[in-house]
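The chain contents come next:
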Amino acid sequence: MVRHGGDDDWGVGEEDDWFAEPRPPEDAPPARRQQQEERQQRTAGPPTAKEIGQRRLAVAGGLAALAVIVVAGILIARAVGDDGGGEATSVTTPTTSVPVVTPPPATPPPSATPTPPPAPTPPAAPVDLPEGVRLAVGSEGDDVRAVQQALVNLGYTPGDVDGIYGATTEAAVIAFQNASGLEADGIVGTETLAALQSALDAG
């Protein structure tokens with residue numbers, strides 16, 4: 001759109017640009033006029049090669065500064081980590097091994113000690129009394145001992161076989177005489193000796 005004629009400040013025949021900023025009036029202060037002129041120059045058209053180079057330099061400088069800051073931060077972090085912690089040390093938790101106690105082998109219970117068999121009764125010596133000699137309470141010697149052993153072998157209890165004819169020996173003789181059908185007087189004579197020898201031989 002073109003204006004024709006008129007006394008306006010834009011002149012005659014100039015193209016009317018609706019998006020362009022209005023020109024400052026002639027009587028505007030110099031500072032204001034300068035700001036508006038600079039603004040118009042910036043928006044007037046595409047940037048020049050010089051402006052592009054300046055912008056690239058500014059961007060490159062900003063990136064370089066950012067890279068320097070990042071690298072410096074990494075180096076500082078490493079330095080602090082090395083000074084504070086040093087080399088990483090691995091902590092090994094000691095394991096305690098519990099010794100296995102093997103119980104001793106079970107000892108079999110002691111077996112009952114067998115009772116040794118009684119010592120065999122020594123055989124009675126043959127009783128041989130001189131003619132007319134008899135044994136009774138108060139007699140002593142080997143003949144009395146032989147009679148006592150004969151009574152023990154036959155199952156009677158004349159007491160200790162000690163060669164002393166006492167009351168116990170007499171009681172055993174009386175018991176034997178009764179069992180043999182003899183006169184039970186407690187005196188060992190010819191008949192009682194023969195009966196004792198017969199019983200021993202019959203075994």
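Everything that follows concerns the structure shown earlier in this document.
Note that the structure is a prediction, hence the values are computed from the model and not measured.

### Overview of the overall build of the chain
Thinking step 1. Summing up its helical and strand segments, the chain has five helices and zero strands in all.
Thinking step 2. Here the chain, with 203 residues, has 15% of them falling under the buried criterion.
Thinking step 3. Put simply, of all contacts in the chain between residues at least 6 apart along the chain, 30% involve residues at least 24 apart.
Thinking step 4. Approximately 16,000 Å² of the chain is accessible, and the part contributed by carbon and sulfur atoms is 59%.

### So, the nonpolar core
Thinking step 1. With 12 residues, the main nonpolar core is built from L135, V144, V147, L151, Y165, A172, V173, F176, V188, L193, A195 and L196.
Thinking step 2. Residues within four places of Y165 in sequence aside, it is in contact with L135, A136, V137, G138, S139, V144, Q148, E170, V173, G186, I187 and V188.

### Looking at helix α3 (residues 142-153)
Thinking step 1. Compared with the 16 Å implied by 1.5 Å per residue over 12 residues, the 16 Å span of α3 between its first and last C-alpha is a close match.
Thinking step 2. Listing the buried residues of α3 in full gives V144, A146, V147, Q148, Q149, A150 and L151.
Thinking step 3. Its buried side turned inward, α3 meets α4 (167-180) and α5 (190-202).
Thinking step 4. Phi for G155, located one or two positions after α3, is positive at around 95 degrees.

Procedures and definitions
Residues numbered from 1 in each chain as written. Predicted model: local features only at pLDDT ≥ 70, side-chain atom pairs only at ≥ 80, totals over all residues. Heavy atoms only, no water. Helix = DSSP H or I, 4+ residues; strand = E, 2+ residues; numbered from the N terminus. Buried < 20%, exposed > 50% of the residue type's maximum accessible area, 1.4 Å probe, protein only. Contact = heavy atoms within 4.5 Å. Areas by Shrake-Rupley, 256 points an atom, 1.4 Å probe, with all protein chains shown as cover. Core = buried A, V, L, I, M, F, W, Y, C linked by side-chain atoms within 4.5 Å. Expected span 1.5 Å × (residues − 1).

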